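For reference, the chains in residue letters:
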Amino acid sequence: MGIAKDYAAKRGVTKSVVIHCADSAISTANETISLANYGSQIASPIGAYLKRHSEINFIVLTKGVPIRIDGGITGSRDENSTGNLHPSVDSYLAAMDYPSMADAVKISIHGSGARGFGWLNRYWKADVPFSHAKFGGYLVTRLDGYTQADAEALVTRAIAAESGKAGSGETGSGEVLLDVQPIFRFKSTDVASQPLDVTGPIPDESDYGSWNADMVKAGDLLIERKVATELDRSETFVGDRTDLLGYFSWGSNDPKFTEKAYESLTFAPGAIGDTAVSTSARTFLPTSGGQSLITDLIAHGITGVKGYTDEPLLQAIASPSITMERYTSGLTLAESFYAASRFAGWEDVVIGDPLCKAPAWIRKASK
């Protein structure tokens, strides 16, 4: 409630829905909600409100709202299991009207030890502002982090970036870090074709080299737009960078990953990014062990970041080249991440103020 009131005050939002469900900020058990409770406690009140407000395009969730559904018609599960599918709450909401759309495409997804179903994202590769009327679905983001203060700071940083206040990278002092891992091999001829489209069922995870190639494409684009960029092609997992304006890496999937390097990164207001890590958004509570978490990046100052509650396959990770092209061209944080994401109703979680735009100097340099 506090995060929602803070956001409404900062952004002048007047349309809000109060939902009553188990508080996911209290325990990891509460971060998962049953399909029945999701339907009655979250989807039903939100859906009823949306019917009365057809002009709404973005939905912002706050810390305390569960992140994962136990059950669903889409989502992933262990490939050896016959149990329930587990989509993220956020992505399931984003596709809430897809089942009723005649031209929405539902596909089977298999790979990396997971099996399930998802929708092809109707906003994939779009280069125009999103509207529910045109594309269907909604762009859902979340204000979350280890603490309430972390969640509220996401909005503070978004506004600071747009206004060009001191420390927001307005002088162009920051850079975008693209941490390629050459152990995952690719050819220079692979770069131009990125990101690859998905048009039907997925029998297996894509080759790791393809995401490396997409990072290289993003680097070439940013350099052409005169945005300071570090495109690192060494095997070293890069750390000790400050005031970053963007960040894409393999996180703990990098064979050379170190927690110390990951924890040493800090960000300027307006920074966005993603890590190719299967469960980078599996919890928003303090924990130990397991794969790297995006909550650490939030705590270190990133303004927007994408993560995944359960195994998503590499195809679900945001395309670095699409994300940064759209963001530096003036689309919002939410539009940039969703245009770069192939699926809806899947495992995705987008963190940040959906209305956030890149610092003005970046958008100017990109024209």
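The structure under discussion appears in the preceding block.
Criteria and thresholds
- Note that residues are indexed from 1 along each chain, following the sequence as it is written.
- Since the coordinates come from a predicted model, pLDDT governs what is reported: local features require at least 70, and pairs of side-chain atoms require 80 or more to be given and counted, while whole-chain, interface and lining totals use all residues.
- Excluding hydrogens and water, the side-chain values take into account all heavy atoms of the structure.
- Under the scheme used here, helices are H or I runs from DSSP no shorter than 4 residues and strands are E runs no shorter than 2 residues, and both carry numbers assigned from the N terminus.
- C-alpha atoms define the radius of gyration, and 2.2 Å times the number of residues to the power 0.38 defines the globule rule.
- Categorising residues by exposure relies on relative accessible area from a 1.4 Å probe, with only protein chains included: less than 20% of the type maximum marks a residue as buried, more than 50% marks it as exposed, and the intermediate range marks it as partly exposed.
- Contacts between residues were defined by any pair of non-hydrogen atoms, one from each residue, lying within 4.5 Å.
- Neither His nor the chain termini are counted; the positive set is Lys and Arg, and the negative set is Asp and Glu.
- Lys charges are placed at NZ, Arg charges at CZ, Asp charges at CG and Glu charges at CD.
- The span you would expect from a helix comes to 1.5 Å times its residue count less one.
- Two strands qualify as a pair provided that DSSP identifies no fewer than 2 bridges between them.
- For helices, the axis comes from a line fit to the C-alpha atoms of the stretch in contact; other axes are also lines fit to C-alpha atoms, and the angle between any two N-to-C directions lies between 0 and 180 degrees.
- In what follows, roughly perpendicular refers to angles from 65 to 115 degrees, roughly parallel to angles under 35, roughly antiparallel to angles over 145, and oblique to any angle outside these ranges.
- Each residue gets one label: Ala, Val, Leu, Ile, Met, Phe, Trp, Tyr, Cys and Pro are nonpolar, Asp, Glu, Lys and Arg are charged, and the others, such as Gly, are polar.
- Residues grouped as a nonpolar core are buried Ala, Val, Leu, Ile, Met, Phe, Trp, Tyr and Cys residues, joined through side-chain atoms within 4.5 Å.
- Working definition: a ring pair exists when centres of Phe, Tyr or Trp rings (six-membered ring for Trp) sit within 6.5 Å. Plane angles under 30 degrees give stacked, over 60 give edge-to-face, the rest tilted.
- Whether a charge sits over a ring depends on NZ of Lys or CZ of Arg being within 6 Å of the ring centre and within 35 degrees of the ring normal.

K.L.:
What is the right way to look at the overall build of the protein chain in this model?
P.N.:
The helix and strand inventory of the protein chain stands at 11 helices and 14 strands. Relative to a compact globule of 367 residues, whose C-alpha radius of gyration would be 21 Å, the protein chain shows 19 Å and is just as compact. Expressed as lengths along the three principal axes of its C-alpha atoms, the size of the protein chain is roughly 50 × 45 × 40 Å. The buried share of the protein chain, reckoned over its 367 residues, is 57%. Of all intrachain contacts in the protein chain linking residues separated by at least 6 positions in sequence, the fraction that spans at least 24 positions is 75%. Mean positive and mean negative side-chain charge positions of the protein chain (34 and 43 charges, respectively) differ by 6 Å.

K.L.:
Whenever I open this one, helix H6 (residues 208–224) confuses me. Can you help?
P.N.:
The α-helix advances 3.6 residues per turn, and as a result positions three or four apart in sequence lie on the same side. Here H6 contains 17 residues, and its C-alpha end-to-end distance of 25 Å stays within 8% of the 24 Å for a straight helix at 1.5 Å per residue. The buried fraction of H6 amounts to 12 of the 17 residues, a majority that puts the element mostly inside the structure. Taken together, the buried positions of H6 are occupied by Gly-209, Ser-210, Trp-211, Asn-212, Ala-213, Asp-214, Met-215, Val-216, Ala-218, Gly-219, Leu-221 and Leu-222. Packed against the buried residues of H6 are strand E8 (176–179), strand E9 (229–232), strand E10 (244–249), strand E11 (267–275) and helix H9 (320–329).

K.L.:
What am I meant to see in the pairing of E10 here?
P.N.:
Moving residue by residue along a regular strand, the side chains alternate between the two faces of the sheet. Across the 6 residues of E10, 6 count as buried, placing the element largely inside the fold. As defined by bridge partners, E8 adjoins E10 across 3 bridges and the pair is classed as parallel. Looking at the pairing, Leu-177 lines up with Tyr-247 of E10. Pairing geometry for E10 and E11, over 5 bridges, is parallel. Across the sheet, Gly-246 pairs through a bridge with Ile-272, a residue of E11.

K.L.:
What should I look at first to understand the packing of H6 against H9 in this one?
P.N.:
Between two packed helices, the angle of one axis relative to the other and the distance separating the axes together describe the packing. Contact pair H6 / H9: the axes reach a minimum separation of 7 Å and the direction vectors enclose 25°. As summarised for this structure, H6 and H9 are arranged roughly parallel, according to the angle between their axes. Mapping the contact onto sequence places Trp-211, Asp-214, Met-215, Lys-217, Ala-218, Leu-221 and Leu-222 in H6 and Pro-320, Ser-321, Met-324, Glu-325 and Thr-328 in H9. Within the contact of H6 with H9, the residues separate by chemical class into 7 nonpolar, 2 polar and 3 charged.

K.L.:
Which parts of the structure should I look at to understand the nonpolar core?
P.N.:
One recurring pattern in soluble globular proteins: nonpolar side chains tend to sit buried together. Formed by 71 residues in total, the largest nonpolar core has its most connected members in Tyr-38, Val-89 and Phe-343. No other element matches H6, which puts 7 residues into this core. Residues in contact with Phe-343, not counting those within four places in the same chain, are Ile-107, Ile-109, Trp-119, Leu-120, Asn-121, Val-198, Ile-202, Gln-315, Ala-316 and Asp-348. Ile-3, Leu-244, Leu-265 and Val-305 belong to the second-largest nonpolar core, a separate cluster that totals 26 residues.

K.L.:
Which parts of the structure should I look at to understand helix H5 (residues 148–163)?
P.N.:
Taking 1.5 Å of rise per residue, the 16 residues of H5 would be expected to cover 22 Å, and the 23 Å separating its terminal C-alpha atoms lies within 8% of that figure. What H5 keeps buried is the set Asp-150, Ala-151, Glu-152, Leu-154, Val-155, Arg-157, Ala-158, Ala-160 and Ala-161. Residue Gly-164 follows H5 closely and has a positive phi angle near 75°.

K.L.:
Which parts of the structure should I look at to understand the packing of aromatic side chains?
P.N.:
Ring pairs (aromatic) are described by centroid distance and by the angle formed between their planes. In this structure the tally under the stated criterion is 14 aromatic pairs. Here Trp-211 and Trp-250 contribute two aromatic rings whose centre-to-centre distance is 5.3 Å and whose plane-to-plane angle is 75°, an arrangement assigned as edge-to-face. Placement of the pair is Trp-211 in helix H6 and Trp-250 in the loop between E10 and helix H7 (259–263), with a sequence separation of 39 residues. The exposure class of Trp-250 is buried, given its relative accessible area of 0%. Members of the aromatic cluster, joined through ring pairs, are Phe-184, Tyr-208, Trp-211, Phe-248 and Trp-250. The positively charged end of Lys-106 is found above the aromatic ring belonging to Phe-117, 5.3 Å away from the centroid.

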